[in-house]
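Analysis of the macromolecular model
Residue strings, one per chain:
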Amino acid sequence: MKLSLALLLGTINISSSLAADPKPDAAIKTKSIDARVFLDNKIKADPPLAADCLAEGRKWLDKNAAEAAAARKADPQFSRESGWEFERKYEIRSVVADRYVSILRNDYMNTHGAHPNSNVNTILWDKAGNKRISIRPFFAETADNGATMKAMVKAIIASLRDEKKKRDAGDTATDEWFKGVAPSLLKIGAVTLAPSTEAGKSSGLTFHYPPYAVGPYAESQYVAFVPWEALKPYLAAEGARIFGGVRPKGEADEP
C-alpha cells in the first residue's frame, strides 16, 4: 500500500519531532505534579559538575512534589485540574580560563495561578576544585557596602536603565524598582562571567534578574552587563588574569 507524499512527509516530521524531544535527566510525574530537570550536553560531559547540578535538581523536584501533594490533599478542587508543571534547565553560559564555568539555571512553574512563573539563578563552578564559588576571588575586597559592591550596583543600574529604555519601559526605571539591587554579594543579583572576544577571557559580569525583581511581570527577565573595565580598580590578581576583551557582537541578545 503506497502512502501519499503529504502523509509520508507528515509521518517523517512527526517522527523527527518526537526524536528531537530531549529526555529529562531527572523527573517526577504523579497526579499532583509533572516536574523535570534537564542538563545541557556540556554539563553532562563534566561528571563532577553534572552530579552537583543533578543532586540540586532532584532536591528541587522532591520539594515541589511534596508541596503539590499537600496542595492536592488540602484543596478538593485541585483534583479537577491537571497537576502542577515544573521544569528546570541547567545550561553553560561561558567557560573562562578553562577553569571557571558559568551556568544559567532557568525554572518554569505553573501552579494554575493567574499565570505561570519563571525564575533564573546562576552557578559559578571552579573546575580546579570541583566546587561552587562566588565572584569573591576576582576582587580585592567584596565587603557589604564596600567600594567594589557600590561600584557594581552603580554600573548594574545604569545597564538596567539602558535595557528599559530599549523596551520602552522607562516608567519603571525607578529607584523603587531597583531597591532590591543591594551592594552585597548575597543581594546584588545572580551573576555570570560574560563571554569575550578574547579567548579564555571574560568581558565582564552579567547579572540576571527574574520577573518582578527589577520590573513588573510583563517586562519578563532582565540582564545587566557590567564591562570589566568599570571594575578594573577593584580587581584582585586573579581578576586581572581572567578579564579582558569585549563582549561579542550579538551576545547582548542572549540570556
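Everything here concerns the structure above.
The text that follows walks through the structure, step by step, so that each part is easy to find.

Cut-offs and rules
Residues numbered from 1 in each chain as written. Predicted model: local features only at pLDDT ≥ 70, side-chain atom pairs only at ≥ 80, totals over all residues. Heavy atoms only, no water. Helix = DSSP H or I, 4+ residues; strand = E, 2+ residues; numbered from the N terminus. Contact = heavy atoms within 4.5 Å. Phe/Tyr/Trp six-rings, centres within 6.5 Å; stacked < 30°, edge-to-face > 60°. Buried < 20%, exposed > 50% of the residue type's maximum accessible area, 1.4 Å probe, protein only. Pairing = 2+ DSSP bridges. Axes fitted to C-alpha atoms, helices over the stretch in contact; angles between N-to-C directions.

A short note on the environment of I133
Position of I133 relative to the elements: it lies in strand 6 (residues 131–133). Sequence-wise, I133 and Y100 are 33 residues apart; in three dimensions their C-alpha atoms are separated by 9.2 Å. Among all residues touching I133, those that are not within four sequence positions of it are Y100, L124, D126 and F138.

Concerning the packing of aromatic side chains
In the structure shown here, the tally under the stated rule is six aromatic pairs. Geometrically, the ring pair formed by W84 and F86 is tilted, given 6.1 Å between the ring centres and 35 degrees between the ring planes. Across the pair, F86 and W84 agree in class, each one buried. Ring centres of Y100 and F138 lie 5.0 Å apart, and the angle between their planes is 85 degrees; on these two criteria the pair is classed as edge-to-face.

Looking at the sheet that holds strand 1 (residues 26–29)
Sheets are built from strands that pair by backbone hydrogen bonding, the pairs being arranged parallel or antiparallel. Here six strands make up an open sheet; going across it, the order is 1-2-3-4-5-6 and the pairing mixed. Every other strand in the sheet has two partners, leaving strand 1 and strand 6 as the edge strands with one partner each. This sheet shows a mean twist of 25 degrees between the axes of neighbouring strands, independent of strand direction. Where strand 3 (residues 84–96) lies against strand 4 (residues 100–110), 11 bridges are found, and the strand directions are antiparallel. In the sheet register, I92 faces strand 4, and the bridge partner there is I103. Most of the contacts of helix 3 (residues 47–74) go to strand 3, to which it runs at about 160 degrees, and overall it touches strand 1, strand 2 (33–39), strand 3, strand 4, strand 5 (117–126) and strand 6.

Structural measurements only, silent on function.
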